[in-house]
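# Results of the structural survey
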Amino acid sequence: EGKAYFRLGGFAQSHDHRLLAYSSDESGNEYFTIRIRDAATGTDLPDVIAETGGSAIWANDGKTLFYVWIDENHRPAKVYRHIVGNDPATDVVVYSDPDPGFFIAIGQTQSRRFIVIDTHDHETSEARVIDSNEPEGEPRLVAPREVGQEYSVDHGGDRFFILTNAGSAEDFKIVTAPETAPGRAHWRDLVPHVSGRLLLDATVYREYLVRLEREASLPRIVVRHLGTGIEHVIAFTEEAYSLGMIGGYEFDTTALRFSYSSMTTPVRVYEYDMATRARVLLKEEEIPSGHNPADYVTRRIFAPAADGETVPVSLLYRKGTKLDGSAPCLLYGYGAYGIAIPASFGITRLSLVDRGLIYAIAHLRGGKDKGYRWYANGRREKKTNTFTDFVSAGDYLAKQKFTSRGRIIGWGGSAGGLLIGAVANMAPSLFAGLIAEVPFVDTLATMLDDTLPLTPPEWPEWGNPITSEADYKRIAAYSPYDNIRAQAYPAVLVLAGLSDPRVTYWEPAKWVAKLRATKLDANPIIFRTNMEAGHGGASGRFERLHETAFAMAFALKVAGAAQTPPSA
């Protein structure tokens, strides 16, 4: 209350339930301040820890707290140990990494036995553990980093369970190692690598190992009994859907919670008994205006790409929508960092599809929607596949009469904003309009500036134009700002945040200025900067809805769609 911006970063309860550590950002610059609240009285203690990444992990003694400090270049650079009641200025550095290209994060095993310090870039990782019962102990290395190898650590019994791509396991596998000797020499396969089955996450309980995996572009949860090795699958029958595991606080339990949604089904949270396989619905997202899933259609189609690949496209539209090419289409894409865009529910989309639009998500190379290979074929020297996939998806939607060329509104944010900037130069006639949120469009200049927060860790993703002439030429060939030319462009809406530490506000500002000065058409280029927010846009449910409504109004305007829903 009374703040222009507020974002809760995270919270952690001490194991004796007396204290709650929580963090907040009040400007949008992603520097989080940690405070500690007495649960019995509801009052905050004097401990105030500034300039953190937002996460806090308690040791088992209920008084020792670990956190990550963010340096002046906005990089998570050091892990500190804090004792409740002490001056944060006296906090002890537990770990720091000399390589600015590696970011640091902290976590804890499900068993609560170990605190985990993770260091990583986009292709290499390394983990250290601290015994939660001995918080003043030195971090112990699990396995030294090897370029191109990733791993993450959980724990159960006297073993570490390690999710890794080591040993050419492109789509990852799960190995175990003794708690006392966790190095690679002692890794033994538990869940072997299967090409095309991407292991995404794994959690260890006392009797069970649960993993989230994706195969044929669809997720599923697999439960394995550790004693017998017997596995069973939690799966669903819709053509496209989203699954997510929800972290719990207990280790010795048979209860697993997970979320499910599809583009027509609101988010549902289930509790699942891993022993009996009974499933109980705990919660379903409420739609205040009412929602009948039967009024909508969700589909998964595959658009042929120029090189013979097929690009999955998830669709949502209202029953009765004419599929004769007359419907406008909002086409969303991201395609970077291996992030897969789930075919999940979004309440705000209903406002568009109720007005006759087709809503589509293109699952582009650069994400992991079709496995790690899908990611590898959309990064570095193969980055342009992301852009051509988006164009192929739009062309196929037009060919199949879901929409028409010139009736499509492309939408993407951050690295997805790079996508939008690139396709604006490559295929402007395909689109009626483009929406670019906090867009990474001055790509070459950003990757040449190693003082920016994300630049060194991003080199494995994009290439390093400082040290490599080939990388320089490749990035220069698609960088949206550097490839603006004298041609007609569709209408463009650009959204930025003044305190954004990831995509600095001047990056989209430069792009807009050059677009306006160079293009040959009279279509509008609308530039809106939120002066009280950062990369994530406005804080608060309602302010964020205002921003979404603004973007959707732009989409409806350029599509020429009716702006009032049809009567029931």
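The shown structure was predicted, so the numbers you read here are calculated from the model rather than taken from an experiment. (Residues numbered from 1 in each chain as written. Predicted model: local features only at pLDDT ≥ 70, side-chain atom pairs only at ≥ 80, totals over all residues. Heavy atoms only, no water.)

This brings us to the pattern of salt bridges. The tally for this structure, following the rule as stated, stands at 33 salt bridges. Taken together, the salt bridges that share partners define one network made up of Arg197, Arg211, Glu213, Glu215, Arg220, Arg224 and Glu231. (Salt bridge = Lys/Arg side-chain N within 4 Å of Asp/Glu carboxyl O.)

A separate point is the sheet that holds strand E4 (residues 44-58). Taken in spatial order, the seven strands of this open sheet run E1-E2-E3-E4-E5-E6-E7, and their pairing is antiparallel. The open sheet has two edge strands with one neighbour each: strand E1 (7-13) and strand E7 (92-96). The mean inter-strand angle of the sheet, taken between neighbouring strand axes irrespective of direction, is 35°. Of the pairings in the sheet, the one linking E1 to strand E2 (residues 19-25) comprises six bridges and is antiparallel in character. The partner of Phe11 across the bridge, within E2, is Tyr22. (Pairing = 2+ DSSP bridges. Helix = DSSP H or I, 4+ residues; strand = E, 2+ residues; numbered from the N terminus. Axes fitted to C-alpha atoms, helices over the stretch in contact; angles between N-to-C directions.)

What follows covers the packing of aromatic side chains. Under the criterion given, the structure shown has 18 aromatic pairs. Ring centres of Phe172 and Tyr372 lie 6.4 Å apart, and the angle between their planes is 55°; on these two criteria the pair is classed as tilted. Of this pair, Phe172 sits in the loop between strand E13 (159-164) and strand E14 (173-178) while Tyr372 sits in helix H2 (residues 372-376); the two residues are 200 residues apart in sequence, bridging distant segments of the chain. A residue is classified by how much of its surface remains accessible, and Tyr372, at 10% relative accessible area, is buried. Their ring planes at 50° and their centres at 6.4 Å tell us that Tyr317 and Phe402 sit as a pair that is tilted. A residue pair is termed long-range when its members are at least 10 positions apart, and Tyr317 in strand E25 (residues 310-318) and Phe402 in the loop between helix H3 (384-399) and strand E28 (408-413) qualify at 85 residues. Residue classification places Phe402 among the buried positions, given a relative accessible area of 5%. What links up through ring pairs into an aromatic cluster is the set Phe236, Tyr241, Phe258, Tyr260, Tyr270 and Tyr272. Just above the ring of Phe102 sits the side chain of Arg145; from NZ or CZ to the centre is 4.1 Å. Against the face of Tyr270 rests Arg279, its NZ or CZ located 5.8 Å from the ring centre. (Phe/Tyr/Trp six-rings, centres within 6.5 Å; stacked < 30°, edge-to-face > 60°. Buried < 20%, exposed > 50% of the residue type's maximum accessible area, 1.4 Å probe, protein only. Lys NZ or Arg CZ within 6 Å of the ring centre and 35° of its normal.)

This part takes up a nonpolar patch on the surface. On the surface, a nonpolar cluster with roughly 470 Å² of combined accessible area is contributed by Phe6, Leu8, Phe11 and Tyr249. Inspection of the secondary structure puts Tyr249 in the loop between strand E20 (242-246) and strand E21 (255-261). (Patch = residues over 30% accessible without salt bridge, like charges linked within 9 Å, V, L, I, M, F, W, Y side chains within 5 Å. Areas by Shrake-Rupley, 256 points an atom, 1.4 Å probe, with all protein chains shown as cover.)

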